[in-house]
Amino acid sequence: MSKLVLLVADGTTLDVPLKRERITIGRRPNNDVCLPNLAVSGEHAAVVTILADSFLEDLGSTNGTLVNGKAVAKHFLRDGDEIDIGRHVLVYCAKDDAVLAPDRVRAAVRAAGDPDTQRDGAKPVVRTAREPDGALMRREREAANVAAGRVAPKERATQRRWDTVSPDSTARMARLEPAIASVKLLSGPAAGRVIPITKPEVTIGRAGVQVATIRFSGDSFALKPVEGEQPPILNSMAVAAEGMSLTVGDVIEIVGIKVEFGGVPQTGAAP
């Protein structure tokens, strides 16, 4: 696997593994490599990796992108290429175990000058983890649902994957707020676990795949589809768009997981 090596003004280096197809470089903090320097554009450049080949692309930056001292719009990267972005230097290495010689690091840092002069002491940041592809699209879709009134804003705090809830988190939920109902997982890795419902309206399912709400109103509960090509199943029947009432013992099937709607879980009872 190839990588970029970011040369820092203090003589140290930061590795940027090219694990994903696209790595972004810029001044804004949402970039994979954040260079908080006024000479760097918000979204300055990107490195696209396809199989063993990597390409550097300037994203219309104000001050341009240099490779080995020459301005480029798009460049096929070769081992050892030096990339200059707003007085920061990055070196492309074809192998992830490559180590730059100390003399080369010092020479590159001296040639670039002190990149801290315009950054109020801010240091470069390399994001070692990033949301999976599509996560931003899911958040935007959730925001659109909220804006359209399909999902209440408070539901985002209660969205969860029922098949991954741990016993510890279940116990914390029960301690923080009294339960008004519960669901018991009938299938999946956490089968047998009882999860308290502590709010008048909660969202179950998986964002971007299949989502429904369990809503308490007056003295009754109802299940209503929110998102997904197929509605959830309630007692072997597809749930209508307007929703269906819930009673103790009803079985809901959503995102391939079956859960049983139940009453208030007993304090201290084993799941």
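Note that the structure is a prediction, hence the values are computed from the model and not measured.

Caption draft 1: Highlighting unusual backbone geometry. Positive phi outside glycine occurs at Asn 68, with the angle close to 55°. By the secondary structure assignment, Asn 68 is in the loop between strand S7 (65–67) and strand S8 (70–72). Overall, Asn 68 belongs to the partly exposed group, its relative accessible area being 46%. Look at Asn 235: it is not a glycine, yet its phi comes out positive at around 50°. Inspection of the secondary structure puts Asn 235 in the loop between strand S18 (233–234) and strand S19 (237–238).

Caption draft 2: Structural context of the side chain of Asp 32. Note on placement: Asp 32 falls in the loop between strand S3 (22–26) and strand S4 (33–34). Within the local environment of Asp 32, its side chain forms a polar contact with the backbone nitrogen of Thr 24, the two atoms lying 2.8 Å apart.

Caption draft 3: The arrangement of the pairing of strand S16 (residues 210–217) in detail. Sheet topology note: the strand S15 (residues 201–206)/S16 ladder contains six bridges and is antiparallel. By the bridge assignment for S16, Arg 206 is matched with Gln 210. Where S16 and strand S17 (residues 220–227) come together, seven bridges link them in antiparallel fashion. Bridging from a neighbouring strand, Ser 217 pairs with Ser 220 of S17. The loop that links S16 with its antiparallel partner S17 comprises two residues; one of these, Gly 218, has a positive phi angle of about 70°.

Caption draft 4: The confidence of the model for the chain, seen in detail. When pLDDT is averaged across the chain, the result is 77; 72% of the residues are at 70 or more. Averaged pLDDT values for the elements of the chain fall to 48 in helix H3 (residues 167–176) and rise to 95 in S7. Here residues 115–121 is modelled with pLDDT under 50, and outside its nearest four sequence neighbours on either side it reaches 17 contacts, counting other chains as well. Contacts from residues 267–271, a stretch scored under 50 in pLDDT, to residues over four places away or in other chains number three contacts.

Conventions and cut-offs
Residues numbered from 1 in each chain as written. Predicted model: local features only at pLDDT ≥ 70, side-chain atom pairs only at ≥ 80, totals over all residues. Heavy atoms only, no water. Helix = DSSP H or I, 4+ residues; strand = E, 2+ residues; numbered from the N terminus. Buried < 20%, exposed > 50% of the residue type's maximum accessible area, 1.4 Å probe, protein only. Polar contact = N/O pair within 3.5 Å; in protein donor to acceptor, adjacent residues only side chain to side chain. Pairing = 2+ DSSP bridges. pLDDT = per-residue confidence, 0-100. Contact = heavy atoms within 4.5 Å.

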